Amino acid sequence: AELVFAQAQRLLRPGGWFCLDTPNRRLTRLLVHYGYVHPEHKIEYQPAELQLLLQKQGLHVKQALGISPLPLSLAARRFQRLELIFSQGLCADPDLGFSLYLAAQKALN
């Protein structure tokens, strides 16, 4: 993530936007009990970690959302497959989303 964010900082014009979505480690770690780890995601992050890494690169997080919120699974600390199947939309708390969305902007100088 640090390398990607550094490149985004380098390539963006002042005021430019960098947006990303990625699995939320707070919830995907619950799947490890079932032997599932997504092969494309060697390292997964929690929302606060990614926000801090973006800020360290001089990118200001303007929006943070959860995708497919799973509040019951998170509260129970046990993945509930049906909750994911029926989960829809976005939520204002990125910690609750099975995935998270971050939109960051490069400073205007």
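Everything that follows concerns the structure shown earlier in this document.
These numbers come from a predicted model, not from an experiment. (Residues numbered from 1 in each chain as written. Predicted model: local features only at pLDDT ≥ 70, side-chain atom pairs only at ≥ 80, totals over all residues. Heavy atoms only, no water.)

A few points about unusual backbone geometry
Positive phi outside glycine occurs at S68, with the angle close to 55°. Inspection of the secondary structure assignment puts S68 in strand 2 (residues 59-69). Here R77, not a glycine, exhibits a phi torsion of approximately 55°, which is positive. Structurally, R77 can be placed in the loop between helix 4 (71-76) and helix 5 (81-86). (Helix = DSSP H or I, 4+ residues; strand = E, 2+ residues; numbered from the N terminus.)

Thoughts on the environment of G58
Topologically, G58 is positioned in the loop between helix 3 (47-56) and strand 2. Taking the relative accessible area as the measure of exposure, G58 reaches 25% and is therefore partly exposed. Excluding anything up to four places from it in sequence, G58 contacts Q9, Q105, K106 and A107. (Buried < 20%, exposed > 50% of the residue type's maximum accessible area, 1.4 Å probe, protein only. Contact = heavy atoms within 4.5 Å.)

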